[in-house]
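Working through the structure, step by step
Letter by letter, the chains look like this.
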Amino acid sequence: MKTLKYIFIIILSLGAFNSCLVDDTTRYDLNDDGPNLAGFADGNVMISNIADGTEYDIPVKVKVVGPTSLDLTSDITLTVAADEEAMAELAAADQTKTAAVAGVHYEIADPLITLKDADNYLGLIHVTMLTEGIATPLAKTPVLILKTVSAAGDPNVLNNGKNLQLTLNYACYSEFQGTYEVTHTSSTGTVFSQIEDIVKIGVEQYLTASV
C-alpha cells in the first residue's frame, strides 16, 4: 500500500513539473512584428510666460520609437493638429480651464515635420504662444491639446495616437525680488522686525527665506 502511495506521489510531481514548462519560443519570435510609433515625446507640459505682447516659441518634441526603429532608413513625415474635441471635453469637465483659440492664444506655422534617420528620428514642432491683447489675470487657463494626425513615409511606422496637453499660463509682469524689512505684530501686541530676502525662481514664482 505504501509503495502505491509513493508511486502516486511521484506521478503527481512529474505532472506538476511538466505543467510548469512553457515554450516561449513564439514570444521571442514575435518581438519584431509590432509597428513603430511616431508621436509626441511628452504627454503634459505647463508653459508660463509674461503677457506683454511677446510671441513665445514652444518647441514640442516628437520622435519615432518601436521594435525595428533602428532599422528604418526612410524619412517619416508627421502631421499634428489641435484636438478641438478633446479641448472642449476638458473645458466642460474643469471649470478652471478653457480651450485655447488659434490666432488668440497660439499659432502653429507648420504642422508638418520630417523625421530623419540622420537625426535618430527625433525632431521639434514649434508652437507659438501669443500674448498680444491678453489682459491678465485670466478667469480660466487656456489649454491646447495636440494630436498626431498621421505618420507617412514607411508602412511600418504609425502615429501613436497619444495627445499632448499644453497648459498656457499667462502671467503679469512683476519684479518682487529683493531684500525687505518686515514688521510683525503678534496677537498679544508684540512688535518685532526682521530682514526678509525674496528670490525670483521663475515666472511669477518667488521664494522667501523664512515665510
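As the structure is a prediction and not an experimental result, all values here were calculated from the model.

Check the secondary structure of the chain and you find three helices and 14 strands. Looking at the chain as a whole, 27% of its 211 residues qualify as buried. In the chain, of all internal contacts separated by at least 6 residues, the share reaching a separation of at least 24 is 70%. Of the roughly 13,500 Å² that the chain leaves accessible, carbon and sulfur atoms contribute 57%.

Our next topic: the confidence of the model for the chain. Across the chain, the average pLDDT comes to 85, with 81% of residues at 70 or higher. The low-confidence segment residues 4-10, where pLDDT is below 50, has zero contacts with residues more than four positions distant or belonging to other chains. Confidence drops under a pLDDT of 50 for residues 16-31, and excluding neighbours within four residues, the segment shows one contact in the predicted structure.

Here we take up the pattern of salt bridges. Tallied over the full model, the rule gives two salt bridges. Between K116 and D75 there is a salt bridge, and its shortest N-O distance comes to 3.1 Å. Of the two residues, K116 is situated in the loop between β7 (112-115) and β8 (122-129) and D75 in the loop between β3 (56-65) and β4 (76-82); the sequence distance between them amounts to 41 residues.

Among all positions in helix α3 (residues 84-93), only A86, M87 and A91 are buried. Across the axial projection of α3, the buried residues extend over an arc of 135°, all falling on one side. Exposed residues lying more than 90 degrees from the buried face of α3 are E85, E89, A92 and A93. Where α3 is buried, its residues meet β4, β5 (97-99) and β9 (141-152).

This part covers the nonpolar core. Formed by 37 residues in total, the largest nonpolar core has its most connected members in V127, L144, L166 and L168. If we ignore the near neighbours within four places in the chain, the residues touching L144 are A82, M87, A100, Y106, V127, L164, Q165 and L166.

You can see H105 is positioned in the loop between β5 and β6 (106-107). Judged by its relative accessible area of 11%, H105 is buried. For H105, the residues in contact, after removing those within four places along its chain, are A99, A100, T128, M129, L130, I134, P142, L168 and Y170.

Attention shifts here to a nonpolar patch on the surface. Together, L37, V65 and L158 make up an exposed nonpolar region whose accessible area comes to about 230 Å². Positionally, V65 belongs in strand β3. Accessibility expressed as a relative area gives 40% for V65, which makes it partly exposed.

Our focus in this paragraph is unusual backbone geometry. Cis geometry marks the peptide bond from T136 to P137; its omega dihedral reads 0°. In this model, N120 sits at a positive phi of 60°, which is unusual for a non-glycine residue. Mapped onto the fold, N120 is located in the loop between β7 and β8. Judged by its relative accessible area of 59%, N120 falls in the exposed class.

Rules used throughout
Residues numbered from 1 in each chain as written. Predicted model: local features only at pLDDT ≥ 70, side-chain atom pairs only at ≥ 80, totals over all residues. Heavy atoms only, no water. Helix = DSSP H or I, 4+ residues; strand = E, 2+ residues; numbered from the N terminus. Buried < 20%, exposed > 50% of the residue type's maximum accessible area, 1.4 Å probe, protein only. Contact = heavy atoms within 4.5 Å. Areas by Shrake-Rupley, 256 points an atom, 1.4 Å probe, with all protein chains shown as cover. pLDDT = per-residue confidence, 0-100. Salt bridge = Lys/Arg side-chain N within 4 Å of Asp/Glu carboxyl O. Arc of directions from axis to C-beta. Core = buried A, V, L, I, M, F, W, Y, C linked by side-chain atoms within 4.5 Å. Patch = residues over 30% accessible without salt bridge, like charges linked within 9 Å, V, L, I, M, F, W, Y side chains within 5 Å.

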